[in-house]
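So the chains spell out like this:
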Amino acid sequence: MVRNPERRTALVDAAIEVLAREGARGLTFRAVDAEAKVPPGTASNYFTSRDDLFTQAGRHIHVRMTPDPAEVSEAMRPEPSRELVASLMHWLLRRIVKERTGYLAMLELRLEATRRPELREALTGAIRADLDANIAFHLDAGLPGDADTVRLLYFAMTGLLIDTLTLPDVLGPDQTDRLVEMIVARVVAP
């Protein structure tokens, strides 16, 4: 296997783009090579199989979707409060809509994980670690609520994000913003 970390990252990013645009069936070495604008056969030099390509995309997608620490610091400037939690949920929604490709690829990876044990293991570990990190962040920041509050916010926002990205006409932007406020109001104790 070739050992060029920058090229591997570019190929995994290309795989994420292909997943979001064409779905799991469209994720081939040839499609990744074309998306990354590299010579044909390059992806097959970096990944042992399609399963390996899926697994690497599953491991990398969380890195790609992690917010910039400076943006997090800016978002956390106000005092911890229920209003700050609502602001953070609106910010999350805006970030995911902006990084639509990554989130759609994540949905494809989740579906594919039902058929690929190695991918399921990689995604489960990454998502569990992200959720644990979000819980720790919430508690360490002194935001209102406990670990279950974060879990409920996570699952409620995940559902809202899925509909917002896949069927945007189900809810308009005004309803989406109103639902974010309702989620926080009902999940986060005053």
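Quick caveat, the model's predicted, so the values are computed rather than measured.

Chemist: Before we move on, could you go through the confidence of the model for the chain and cite the residues and values that matter?
Modeler: Looking at the chain, the pLDDT average stands at 93 and 99% of residues meet or exceed 70. For the chain, helix 4 (residues 50–65) is the element with the lowest average pLDDT, namely 88, and helix 2 (residues 29–36) is the one with the highest, namely 97.

Chemist: So what about helix 8 (residues 117–140)? Which residues, and what values?
Modeler: With 24 residues, helix 8 extends 34 Å between its outermost C-alpha atoms, agreeing within 8% with the 34 Å of an ideal straight helix rising 1.5 Å per residue. Residues of helix 8 that are buried: L119, A122, L123, A126, I127, L131, I135 and H138. Elements that come into contact with the buried residues of helix 8 comprise helix 4, helix 6 (82–98), helix 7 (100–113) and helix 9 (147–166). Phi turns positive, to about 75°, at G142, one or two residues after helix 8.

Chemist: Requested: an account of the packing of helix 1 (residues 5–22) against helix 7, with residues and values cited.
Modeler: One can describe the packing of helix 1 onto helix 7 by two numbers: an axis separation of 8 Å at closest approach and a directional angle of 80°. By the angle between their directions, the pair helix 1 and helix 7 is classed as roughly perpendicular. Note on element contacts: helix 7 touches helix 1 through T101, G102, L104, A105, E108 and L109, opposite I16, E17, L19 and A20. The residue makeup of the contact of helix 1 with helix 7, split by class, is six nonpolar, two polar and two charged.

Chemist: Explain the side chain of R116 to me, using residue names and the numbers behind them.
Modeler: As for its placement among the helices and strands, R116 is situated in the loop between helix 7 and helix 8. Since its relative accessible area comes to 15%, R116 is described here as buried.

Chemist: Can you tell me about the packing of aromatic side chains, naming the residues and giving the values?
Modeler: For the coordinates displayed, the defined rule picks out one aromatic pair. Ring geometry for Y154 against F155: centres 4.9 Å apart, planes inclined by 80°, an arrangement best described as edge-to-face. Overall, the relative accessible area of 23% leaves Y154 in the partly exposed class. F155 sits in the exposed class, given a relative accessible area of 56%.

Reading the values: the criteria
- Just so you know, the residues in each chain are numbered from 1, in the order the chain's sequence is written.
- Under the rules for a predicted model, residues below a pLDDT of 70 receive no local features and side-chain atom pairs below 80 are neither given nor counted, while totals for whole chains, interfaces and linings still include all residues.
- The basis for every side-chain value is the complete set of heavy atoms in the structure, and neither hydrogens nor water enter the calculation.
- Within a predicted model, pLDDT stands for the predictor's per-residue confidence, ranging from 0 to 100.
- A run of H or I in DSSP counts as a helix once it spans at least four residues, and a run of E counts as a strand once it spans at least two, with each numbered from the N terminus.
- Expected span of a helix: the number of residues minus one, times 1.5 Å.
- Under the scheme applied here, a residue whose accessible area is under 20% of the maximum for its type counts as buried, over 50% as exposed, and between as partly exposed, the area being computed with a 1.4 Å probe on protein chains only.
- Working rule for contacts: check all heavy atoms of both residues, and any pair within 4.5 Å makes them a contact.
- Note on geometry: axes are lines fitted to C-alpha atoms, helical ones only across the stretch in contact, with angles between N-to-C directions running from 0 to 180 degrees.
- Roughly parallel refers to an angle under 35 degrees, roughly antiparallel to one over 145, roughly perpendicular to one between 65 and 115, and oblique to any angle outside these ranges.
- Gly is placed with the polar residues, together with every amino acid not listed as nonpolar (Ala, Val, Leu, Ile, Met, Phe, Trp, Tyr, Cys and Pro) or charged (Asp, Glu, Lys and Arg).
- Ring pairs shown here join Phe, Tyr and Trp side chains whose ring centres sit within 6.5 Å, with only the six-membered ring taken for Trp; geometry is labelled stacked below 30 degrees between planes, edge-to-face above 60, and tilted in between.

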